[in-house]
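Topology and contacts: notes
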Protein chains: 2
Amino acid sequence: LDQTQLPGATSFLRLKKPEGVERAIRSLQVRGAPAIGLAGAWALVLAMVQEPGADRQTLDTGFARWKARLAGARPTAVNLAWALDRMAEDFHALDPQTSRDEVIATLTRRAQSLQADDAAVGLRLAEAGLGLLEPGWGLLTHCNAGAIATAAWGTALAPIHLGQDRGYGFRVWADETRPLLQGSRLTAWELQKAGVDLTLICDGAAASILASGKVQAVLVGCDRVAANGDVANKVGTLGLAVLARHFSVPFYVFAPVSTIDLSTPTGAQIPVEERDASEVTTLFSRAPVAPAGVRVSNPAFDITPASLVTALVTDRGILRPPYPAGLQEVVHGPALP
Amino acid sequence: LDQTQLPGATSFLRLKKPEGVERAIRSLQVRGAPAIGLAGAWALVLAMVQEPGADRQTLDTGFARWKARLAGARPTAVNLAWALDRMAEDFHALDPQTSRDEVIATLTRRAQSLQADDAAVGLRLAEAGLGLLEPGWGLLTHCNAGAIATAAWGTALAPIHLGQDRGYGFRVWADETRPLLQGSRLTAWELQKAGVDLTLICDGAAASILASGKVQAVLVGCDRVAANGDVANKVGTLGLAVLARHFSVPFYVFAPVSTIDLSTPTGAQIPVEERDASEVTTLFSRAPVAPAGVRVSNPAFDITPASLVTALVTDRGILRPPYPAGLQEVVHGPALP
């Protein structure tokens, strides 16, 4: 699904080469941390298909080259690196004598299972998240942490979809989410299709909506959770977290275990991708809305400190502060009850 | 200056009828609370010029009709009603025998003096504001409270212009200010023309800029100050005030005395204009960026409680909390030292 064409057109890309997938990731045709991870996994399958030599040395070199190249396509989200690492585990576990066809079959099975797992993760996030919410609540979300950002269900939108199925009657406010308008283009499209009671607002209007008392919880996804619970997510998330704290509204971050990066101690070590100035200066019309030559700062993400996060909703349970021990447990330990 | 054409074209409107001025106010071709007030004052002069009958009864009726009609063109800003009231004072003080030409001459003098006063107000705001700032500081602003929103100097941007003249070397971050992008279209244009070191950001990026420690003060204008110090200003101002408080950055609101409305007890009584959904759903391209039929909430303003305002910078001195007595004094009492 080419998400840059939404909401105007529902158009699908048929990508047969890893270059095409890499381009789709960089250009945000595929976006959403879990969906990017799955696209990266499938790109490694395509890389093995197109490798001209079939000997193990050639396949090893090609795999390593593509793994590094794909990992660099979006540096902030950790799911991409995580999915590529899962593919690499299976690749390196293969006997050196394995034929190329068997390599491709093995990687295909792993990509399929990552995709199935992600759909199961979405349903677990939906159930866990719905347990935090009451029927009739007003909810506010930012960016698109929806079904189209994952294999199914989504992350922050997963409990909204499940609540819709179960008649919870949520009223949802969606930030438009400048600069790329994932809220108006994607979340509004996805929730409208699902029949959810939705109101679109400019990012700057979130404060007065929260002040009005209409919103009982803020739900957001995330691109990476550091070991201390700091969260990287779409730019604007930090501001929303501060507002939620100020107006005493719980701020829930939906974090599949694949987004938890224990090797990153705090948010300060998460690289924040700086994107092109034209996203700010020209909107989608290509007609300038800012004077020529103006300097722009266009960070794609921001870092929300763990202290502003009411709870981290993971597919292995809900974590409350302090986060470090709980994060270790959901990554390394047995699943929480 | 048709501000809807900026930054692409510097185009001037020549308006000879009050209808044209009313339309320019409604369509935001003229915007900024003080500039709207001056435009309204001049529109009353034009209304008297076009009145077919010259007898006092006809002029009285026409004046009252146009005063009410113009006051309704933008309900949130109080300067418009304030300027129309100043014109009405002079109009009603005239002897019933005054000729139409003399009526027009009297109203013209008052409109000219309101305009000269507004320029003087800007310079006083500039001096008062600059006293709160240090050379080399980073400053963040929202919307356009600039020279082009007033007769001269501006309100929140006035100390930035004066600081530029005096070599203060400020680094300024400007919120783009969705939905109508007054920040990217107007503030970036105005400050770039003035040679100020400026960086344009999306509204959602303000939080991470404030978190980074690069900003030492937030400066905003306002459309109305209630008697308790609550402030109505462009949507997004409340969120910025909460962020400034959270990150311990002073939040200064620039309020000419003409924006202080002692007849409004608190922000809860300030009407907030709800503008057209298309401002959110179609940007400036007229190409939809949101699905057809989506519900939108598009408040033009929000209300910032007095408790989040570090100081109110008026043209009769700087007020600190608690505000009610100081606001009474700057409106009714002698000028502060």
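Rules used in this analysis
- Throughout this description, residue numbers start from 1 for each chain and increase along the sequence as written.
- Whichever chain is written first is A, and whichever ligand is written first is 1; the rest continue in order.
- Residue-level local features of this predicted model are given only where pLDDT is at least 70; pairs of side-chain atoms are given and counted only at 80 or more, and the full residue set underlies all totals for whole chains, interfaces and linings.
- Only hydrogens and water are removed before side-chain values are computed, so all heavy atoms of the structure are retained for them.
- Helix and strand assignments follow DSSP, with helices taken as H or I runs no shorter than four residues and strands as E runs no shorter than two, numbered in order from the N terminus.
- With C-alpha atoms as the basis for the radius of gyration, the globule rule is written as 2.2 Å multiplied by the number of residues raised to the power 0.38.
- Summary of the burial criterion: residues with accessible area below 20% of their type's maximum are buried, those above 50% are exposed, and those between are partly exposed, where the area comes from a 1.4 Å probe applied to protein chains only.
- Calculation of accessible area relied on Shrake-Rupley with a 1.4 Å probe; when residues are assessed, cover is drawn exclusively from the protein chains displayed.
- The positive count covers Lys and Arg only, the negative count covers Asp and Glu only, and His and the chain ends enter neither.
- Where a charge lies is defined by one atom per residue type, namely NZ (Lys), CZ (Arg), CG (Asp) and CD (Glu).
- Least-squares fitting of one copy onto the other uses the C-alpha atoms of those residues that reach a pLDDT of at least 70 in both copies.
- Lines fitted to C-alpha atoms define the axes here, with helix axes fitted over just the stretch in contact, and angles between the N-to-C directions of these axes take values from 0 to 180 degrees.
- Any angle that is under 35 degrees is reported as roughly parallel, and any over 145 degrees as roughly antiparallel; angles of 65 to 115 degrees are reported as roughly perpendicular and all others as oblique.
- Throughout, a residue-residue contact means that at least one pair of heavy atoms, one from each residue, lies within 4.5 Å.
- For this classification, the nonpolar set comprises Ala, Val, Leu, Ile, Met, Phe, Trp, Tyr, Cys and Pro, the charged set comprises Asp, Glu, Lys and Arg, and every other residue, Gly included, is treated as polar.
- Strand pairing requires that DSSP identify at least two bridges connecting the strands.
- What gets called buried area is simply the loss in accessible area from a 1.4 Å probe that two parts show on being joined, summed for both.
- Within this document, salt bridges are pairs made up of a side-chain nitrogen of Lys or Arg and a carboxyl oxygen of Asp or Glu, the two lying within 4 Å of each other.
- Under this definition, polar contacts are N or O atom pairs within 3.5 Å; protein pairs additionally need one hydrogen-donor-capable and one acceptor-capable atom, and for neighbouring residues in sequence, both atoms have to be side-chain atoms.
- What pLDDT conveys is the predictor's confidence in a given residue, as a value from 0 to 100.
- Within 6.5 Å between ring centres, the rings of Phe, Tyr and Trp (the latter by its six-membered ring) count as paired, and their orientation is classed by plane angle as stacked under 30 degrees, edge-to-face over 60, tilted in between.
- Remark: a charge is flagged as sitting over a ring if the NZ atom of Lys or the CZ atom of Arg is within 6 Å of the ring centre and within 35 degrees of the ring normal.

Another point: the overall build of chain A. Secondary structure assignment for chain A yields 11 helices and 12 strands. For chain A, the C-alpha radius of gyration of 20 Å lies close to 20 Å, the compact-globule estimate for 337 residues. Along the longest, intermediate and shortest principal axes, the C-alpha atoms of chain A span 65 × 55 × 40 Å. By the burial criterion, 60% of the 337 residues in chain A qualify as buried. Carbon and sulfur atoms provide 53% of the accessible area of chain A, an area that totals close to 12300 Å². Put simply, chain A has 30 plus and 32 minus side-chain charges, and the middle of one group is 4 Å from the middle of the other.

On to the relation of the copies chain A and chain B. Relating one copy of the chain to the other takes a rotation about an axis and a shift parallel to that axis. Overlaying chain A on chain B yields an RMSD of 0.0 Å, the required transformation being a rotation through 180° with an accompanying axial translation of 0.0 Å. With respect to symmetry, the two chain copies, as superposed, fit the operation of a two-fold axis.

Residues and elements named next belong to chain B. Put simply, helix α3 (residues 56-71) and helix α4 (residues 79-93) touch, their axes get as near as 10 Å, and they point 170° apart. When the axis of α3 is compared with that of α4, the two are roughly antiparallel. Across the interface between the two elements, R56, L59, D60, F63, K67, L70 and A71 of α3 pack against L80, L84, D85, M87, A88, F91 and H92 of α4. By residue class, the composition of the contact of α3 with α4 is nine nonpolar, one polar and four charged.

Attention now moves to the pairing of strand β4 (residues 217-220) of chain A. Residue and element names in this part refer to chain A. Across the two faces of β4 the burial is the same, with A217 and L219 and V218 and V220 all buried. Bridge analysis of strand β1 (residues 138-141) against β4 gives three bridges, and the strand direction is parallel. Residue pairing for β4: T141 is matched across the bridge by L219. The pairing of β4 with strand β7 (residues 251-254) spans three bridges and is parallel. Bridging across to β7, L219 finds its partner in Y252.

Listed as interface residues are 47 residues of chain A and, on the opposing side, 47 residues of chain B. Carbon and sulfur atoms make up 69% of the area that chain A and chain B hide from each other, which totals about 3700 Å². Run the count over chain A and chain B and you get four salt bridges. Linking chain A to chain B there are 14 residue pairs in polar contact (both at pLDDT 80 or more). Broken down by class, the residue content of the side of chain A that touches chain B amounts to 29 nonpolar, 12 polar and six charged.

Moving on to the pattern of salt bridges. Summed over the entire model, instances satisfying the criterion amount to 30 salt bridges over all chains. Of the charged contacts, one joins E22 of chain A and R69 of chain A as a salt bridge, the two residues approaching to 2.8 Å between their closest N and O atoms. Note that E22 of chain A is positioned in helix α1 (residues 18-26) and R69 of chain A in helix α3 (residues 56-71), a separation of 47 residues in sequence. What makes E22 of chain A buried here is its relative accessible area of 9%. Overall, the relative accessible area of 35% leaves R69 of chain A in the partly exposed class. Here R56 of chain B and D60 of chain B are joined by a salt bridge, their closest N and O atoms 3.0 Å apart.

Turning to the confidence of the model for chain A, a few remarks are in order. Per-residue confidence for chain A averages 93 on the pLDDT scale, and 98% of its residues sit at or above 70. Both confidence scores are given for the complex: pTM 0.89, ipTM 0.88.

Moving on: the sheet that holds strand β9 (residues 295-296) of chain A. The sheet built from eight strands is open, its strands ordered β9(A)-β3(B)-β2(B)-β1(B)-β4(B)-β7(B)-β11(B)-β12(B) with mixed pairing. In this open sheet, the two strands that pair with only one neighbour each are β9 of chain A together with β12 (317-319) of chain B.

This paragraph deals with the packing of aromatic side chains. Counted by the stated rule, this structure contains four aromatic pairs over all chains. Where F63 of chain B meets F91 of chain B, the ring centres are 4.1 Å apart and the plane angle is 5°; that geometry is what we call stacked. Of the two residues, F63 of chain B sits in helix α3 while F91 of chain B sits in helix α4, which places them 28 residues apart along the sequence. Over the face of the ring belonging to F301 of chain A we find K234 of chain A, whose NZ or CZ atom lies 4.7 Å from the ring centre. We note R56 of chain B situated over the ring of F91 of chain B; from NZ or CZ to the ring centre the distance is 4.8 Å.

The next subject is unusual backbone geometry. Cis rather than trans, the peptide bond between L6 of chain B and P7 of chain B has omega equal to 0°. Examined against the element boundaries, P7 of chain B turns out to sit in the segment before α1 (18-26). Backbone torsion omega between R178 of chain B and P179 of chain B reads 5°, so that peptide bond is classified as cis. Assignment of secondary structure puts P179 of chain B in the loop between β2 (171-175) and α7 (182-193). Of note in this structure, C143 of chain A is not a glycine but carries a positive phi near 60°. In this fold, C143 of chain A is placed in the loop between β1 and α6 (158-165).

Here we take up the sheet that holds strand β10 (residues 301-304) of chain B. All names here are of chain B. Overall, mixed pairing links the four strands, which are arranged β8-β5-β6-β10 in an open sheet. At either margin of the open sheet sits one strand with a lone partner, and together these are β8 (260-261) and β10. Relative to β10, strand β6 (residues 231-234) runs antiparallel, the two sharing four bridges. Note on β10: the bridge partner recorded for V231 is T304. Its contacts with the sheet put helix α9 (residues 237-246) on β6 and β10, and the angle it makes with β10 is roughly 35°.

It is worth spelling out the side chain of D175 of chain B at this point. Mapped onto the elements, D175 of chain B comes out in strand β2. Looking at D175 of chain B, its side chain comes within polar contact range of the side chain of H142 of chain B, at 2.8 Å.

Bringing the environment of A290 of chain A into the picture now. The residue A290 of chain A is located in the loop between α10 (278-281) and β9 in this model. Residue classification places A290 of chain A among the buried residues on the basis of a relative accessible area of 4%. The sequence separation of A290 of chain A and S278 of chain A amounts to 12 residues, and the corresponding C-alpha distance is 9.5 Å. When neighbours within four sequence positions are excluded, A290 of chain A is seen to be in contact with T281 of chain A together with P7, S184 and L200 of chain B.

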